[in-house]
Amino acid sequence: MCFRRAVDMAAAAGAAGGGGVVFLLTAGIFACSAVCGNLVSEERSFSIDYKSNCFLKDGKPFQYISGSIHYSRIPHYYWKDRLMKMYMTGLNAVQVYVPWNYHETVQGVYNFTGDRDLERFLDLANQTGLLVILRPGPYICAEWEMGGLPAWLLQKPNIVLRSADTDYMQAVSNWLAVLLPKMKPWLYINGGNIITVQVENEYGSYFACDYNYMRHLRTLFSFFLGEETVLFTTDGNTDKEMTCGSLEGLYATVDFGTDTNITEAFKRQRRYEPRGPLVNSEFYTGWLDHWGDQHAVVDAQKVGRVLEEMLVMGANVNMYMFEGGTNFGYWNGADHDTRFRSVVTSYDYDAPLTEAGDPTEKLLAIRDVITQFREVPSGPIPPATPKFAYGFVTLQKVGNLSSVLSVISPLGPVKSQHPLTFEELKQYYGYVLYRTTLPRDLSEPTPLISPLNGVHDRAYVSVNGVYQGLLERDTTLVMNVTGQRGDTLDILVENMGRVNFGSKINDYKGLLSSLILGRDILADWQIYPLDIDGAISAGWPHSRGPKSPPTRLRESSAGPGFYTGTLQPNGLSWDTFLKLTDWKKGQVWINGVNLGRYWPARGPQKTLYVPGPLLNSNLPNTITVLELESAPAQLRVLFMERPLLNITAGKS
């Protein structure tokens, strides 16, 4: 969905080649005619009527009004609730990304269960009465970790992603050979609810501009889904992006937001697709947030007005997002323009449904517009899920990270003369501890330098367990260290999410190059891959009992450390929002589930969304916090009934 952040791409000479039906004729802008298509078929069908410039569903003119929803960002127990709210708003379709790395996190190991049960999601949409626009990538952008591409691809150091590179295409072919046969029965023409399928995603914004790659994808999609499937591309509203992103045999669509001249945007689509339906595949209802941004806000009335203008023209519109959801765990992406900028945990997006799935004024404005164009289901929109302020919970310290290494790194260290990346360690997400010793006495503050900007993305530095400070990608490349020769130097490196857009998606993590301390190049590393999630999901640290009695007040504790507490049951398991007042930066788990990153010191997000069904109503709820910089004197957290996303400071 990222064309507004597009980087310059390699321009291609000439039109897209390849076999297939030639779509590029000459025409102006046409609205979908009410008399479009005279054929009425008794069989299920979905196709493009190039003569009358519209889609045909079962032989009759069809206009979709759709909204984007990401099953990977919403717990599966809330899928039905969100889909029903979208249906009752008047949508007749939903648009769905499939994140490859969510299903094949480890190469060759596929997961389609629980929150990853894509077919269950499709079935629920079908039961609800919603058609599906499927976007299976293999690249999806979506502000998702590495744009949905699995990090294990980077084990090939010279791989050219999103191209006809042999290693990349072999991995893509293997993945699509698993995914697409699962999707074929869900095609509308086969009795399911998938009406169209996108090939790649905004490819025109990528530097490679590799038509052989796109031709290969077109061949794979047609082979696994059938020649009758409507395949399409989506690209940003520029000639450069449409040129490299479109290909003969794939219907070219455009995306744009509320600040775009609609007529000019659809004229651009017409230059690449002279006949057929007008389609805005991503009409932006809001926008994303990076850490340190103001919370993005787009005016509800403006969204409604522009939506109405497009529908009057007969355009098919998908609203991105209709509900954003949450970047649980480590799944947030990042941008890299002038510097690395990580996306926040909340993907609220100022969407018509909030991060917690609650209807907004924007949703009501959209519903009012839709009622002018199609019959909206009667009855009220399902209400917001109940929220509860559970109040304060006092935590206690489990220990510094270095003191629990035997638990969170059970296999012990990997020894290496030089630093190894996360990818070389096959530790794709989370944290890795790099340990060595000081090569000489450092009685005076001595600079620790990352000369090649090789810390990806944040490094927390301690000497003999005493926190000294941090290094940060692109912004803090030098810090001072003191100590004695032989002292233990620990550098905990955090992967803040891989770049998901542009030319820098080959985003390796960890220490990518040697560090220099004074005049010494540091070597002889012991490198600990940390399986924090595995330890916590197995019951640690609560299963081992408290290390010290809880207390409401205690001195601040600097550096990476674990803290734990218990939310006592009160008979409710309602949604809530966790606020970590005066905590700096870290990660939170509740009942073994990774809620994501907190960073209130940088903002704008101040609270983490806690889905109600995650909580036990009659058993103690375990809370584990990994604080990376400095815990507050008062070790407590607050459960609130509303989010704090800095919405009043946002831009319109």
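Keep in mind that this is a model prediction, so the values were computed, not measured.

## Some words on the overall build of the protein
Consideration 1: For the protein, the helix and strand inventory stands at twelve helices and 36 strands.
Consideration 2: Since a compact globule built from 652 residues should have a radius of gyration of about 26 Å, the 26 Å found for the protein is in line with a globular shape.
Consideration 3: Here the C-alpha coordinates of the protein stretch approximately 85 × 55 × 40 Å along the principal axes.
Consideration 4: Out of the 652 residues belonging to the protein, those deemed buried represent 60%.
Consideration 5: Across the protein, every contact between residues at least 6 apart in sequence was considered, and the portion connecting residues at least 24 apart equals 80%.
Consideration 6: Of the roughly 23700 Å² of accessible surface on the protein, a fraction of 51% belongs to carbon and sulfur atoms.
Consideration 7: Within the protein, the 65 negative side-chain charges are centred at a point lying 2 Å from the centre of the 58 positive side-chain charges.

## Quick look at the pattern of salt bridges
Consideration 1: Counted according to the given criterion, the structure contains 27 salt bridges.
Consideration 2: Here R162 ties to E200 by a salt bridge, and the two come within 2.8 Å at their closest N and O atoms. Of the two residues, R162 sits in the loop between β6 (131-135) and α4 (166-183) while E200 sits in the loop between β7 (194-198) and α5 (211-225), which places them 38 residues apart along the sequence.
Consideration 3: Residue E200 is classed as buried on the basis of its relative accessible area of 0%.
Consideration 4: When the shortest N-O distance is used, the salt bridge between E472 and R602 registers 3.0 Å. Of this pair, E472 sits in strand β21 (residues 466-472) while R602 is found in the loop between β32 (593-598) and β33 (607-610), placing the two residues 130 residues apart along the sequence.
Consideration 5: On the basis of relative accessibility, which here comes to 11%, the residue E472 falls in the buried class.
Consideration 6: Taking relative accessible area as the criterion, R602 reaches 37% and is therefore assigned partly exposed.
Consideration 7: Members of the salt-bridge network, linked through shared partners, are D81, R82, K85 and E323.

## Regarding the UniProt feature "domain: Beta-galactosidase 1-like first all-beta" (unreviewed entry) in the protein
Consideration 1: In the numbering used here, UniProt assigns the feature "domain: Beta-galactosidase 1-like first all-beta" (unreviewed entry) to residues 419-531.
Consideration 2: Annotated as 4% helix and 48% strand, the span residues 419-531 places its first and last C-alpha atoms 19 Å apart.

## Concerning α4
Consideration 1: With 18 residues, α4 ought to run about 26 Å at 1.5 Å a step, and its terminal C-alpha atoms sit 25 Å apart, in line with that.
Consideration 2: Buried within α4 we find Y168, M169, A171, V172, S173, W175, L176, L179, L180 and M183.
Consideration 3: Buried residues in α4 make contact with α2 (100-103), α3 (118-128), β6, β7 and α5.
Consideration 4: Where α4 begins, the capping side chain belongs to D165, and its oxygen is found 3.0 Å from the backbone nitrogen of D167.

## Considerations on the sheet that holds strand β4 (residues 65-69)
Consideration 1: If you trace the eight strands once around the closed barrel, you get β4-β5-β6-β7-β8-β9-β10-β11, paired in parallel fashion. Going across the sheet, the axis of each strand differs from the next one's by a mean of 30 degrees, ignoring polarity.
Consideration 2: Strand direction decides the pairing type here: strand β5 (residues 93-97) and β6, joined by five bridges, are parallel. Looking at β6, one finds that V96 is bridged to L134.
Consideration 3: Along the sheet, helix α1 (residues 79-89) contacts β4, β5 and β11 (316-323); its crossing angle with β4, the most-contacted strand, is approximately 160 degrees.

## Points about the packing of helix α8 (residues 300-312) against helix α9 (residues 361-370)
Consideration 1: The interhelical angle for the contact between α8 and α9, taken along N-to-C directions, is 25 degrees, at an axis separation of 9 Å. For the element pair α8 / α9, the angle class is roughly parallel. Handedness of the crossing formed by α8 with α9: right-handed. Across the interface between the two elements, A300, Q301, V303, G304, L307, E308 and L311 from α8 touch E361, K362, A365, I366 and V369 from α9.
Consideration 2: A class-by-class count of the residues in the contact of α8 with α9 yields seven nonpolar, two polar and three charged.

## Looking at unusual backbone geometry
Consideration 1: In this chain, H456 is followed by D457 through a cis amide linkage whose omega measures 20 degrees.
Consideration 2: Here D457 lies in the loop between β19 (455-456) and β20 (458-463).
Consideration 3: In this model, G603 is joined to P604 through a cis peptide bond whose omega is 5 degrees.
Consideration 4: Mapped onto the fold, P604 is located in the loop between β32 and β33.
Consideration 5: At C209, a position not held by glycine, the phi torsion is positive, near 50 degrees.
Consideration 6: With respect to the helices, strands and loops of the structure, C209 is situated in the loop between β7 and α5.
Consideration 7: Look at C209 and you get buried, because its relative accessible area is 11%.
Consideration 8: Backbone geometry places D524, a non-glycine residue, at a positive phi of 55 degrees.

## Focus on the environment of P274
Consideration 1: Relative to the helices and strands, P274 is located in the loop between α7 (262-272) and β10 (279-284).
Consideration 2: What makes P274 buried here is its relative accessible area of 1%.
Consideration 3: Along the primary structure P274 and Y50 are separated by 224 residues, whereas in three dimensions their C-alpha atoms are 8.7 Å apart.

## Things to note about the UniProt feature "active site" (unreviewed entry) in the protein
Consideration 1: Taking the numbering used here, the UniProt-annotated feature "active site" (unreviewed entry) corresponds to E202 and E282. These annotated residues cover 81 residues of sequence, and their C-alpha atoms all fall within 10.6 Å of one another, placing them together at a single site.
Consideration 2: As for its position among the elements, E202 is in the loop between β7 and α5.
Consideration 3: Structurally, E282 can be placed in strand β10.
Consideration 4: Within the local environment of E282, its side chain forms a polar contact with the side chain of R135, the two groups lying 2.8 Å apart.

## Some thoughts on the domain arrangement of the protein
Consideration 1: On domain assignment, one finds that the protein holds domain 1 (59-372), domain 2 (391-397 + 556-640) and domain 3 (411-530).
Consideration 2: Put simply, the middle of domain 1 and the middle of domain 2, counted by C-alpha atoms, are 32 Å apart.
Consideration 3: Of the roughly 1600 Å² buried at the junction of domain 1 and domain 2 (both faces included), carbon and sulfur atoms supply 60%.
Consideration 4: Our count for the domain 1 to domain 2 interface comes out at nine residue pairs in polar contact (both at pLDDT 80 or more).
Consideration 5: Among the residues making up the side of domain 1 that touches domain 2, the classes are represented as eight nonpolar, ten polar and four charged.

## Notes on α7
Consideration 1: Listed as buried for α7 are I262, A265, F266, R268, Q269, R270 and Y272.
Consideration 2: Among the structural elements, α6 (239-245), β9 (251-256), β10 and α8 are those in contact with the buried residues of α7.
Consideration 3: If you check the start of α7, you find a side-chain oxygen 3.1 Å away from the backbone N of T263, and it comes from N261.

## A short note on the environment of R135
Consideration 1: Tracing the chain through its elements places R135 in strand β6.
Consideration 2: Separated by 443 residues in sequence, R135 and L578 have C-alpha atoms that sit 33 Å apart.
Consideration 3: Once you skip the residues sitting within four places of it in the chain, R135 turns out to touch Q95, V96, Y97, V98, I140, Q198, N201, T234, E282 and Y320.
Consideration 4: Of note is the side chain of R135, whose polar atom sits 3.2 Å from the side chain of Y97.

Basis of the calculations
- Residues numbered from 1 in each chain as written.
- Predicted model: local features only at pLDDT ≥ 70, side-chain atom pairs only at ≥ 80, totals over all residues.
- Heavy atoms only, no water.
- Helix = DSSP H or I, 4+ residues; strand = E, 2+ residues; numbered from the N terminus.
- Rg over C-alpha atoms; globule rule 2.2 N^0.38 Å.
- Buried < 20%, exposed > 50% of the residue type's maximum accessible area, 1.4 Å probe, protein only.
- Contact = heavy atoms within 4.5 Å.
- Areas by Shrake-Rupley, 256 points an atom, 1.4 Å probe, with all protein chains shown as cover.
- Lys, Arg positive; Asp, Glu negative; His and termini not counted.
- Charge placed at Lys NZ, Arg CZ, Asp CG, Glu CD.
- Salt bridge = Lys/Arg side-chain N within 4 Å of Asp/Glu carboxyl O.
- UniProt positions renumbered as here; feature names shortened; annotations may be inferred.
- Expected span 1.5 Å × (residues − 1).
- Polar contact = N/O pair within 3.5 Å; in protein donor to acceptor, adjacent residues only side chain to side chain.
- Pairing = 2+ DSSP bridges.
- Axes fitted to C-alpha atoms, helices over the stretch in contact; angles between N-to-C directions.
- Parallel < 35°, antiparallel > 145°, perpendicular 65-115°, else oblique.
- Left-handed = near helix turned anticlockwise from the far one by under 90°.
- Nonpolar A, V, L, I, M, F, W, Y, C, P; charged D, E, K, R; others polar.
- Domains from an automatic or database assignment.
- Buried area = accessible area lost by both parts, 1.4 Å probe.

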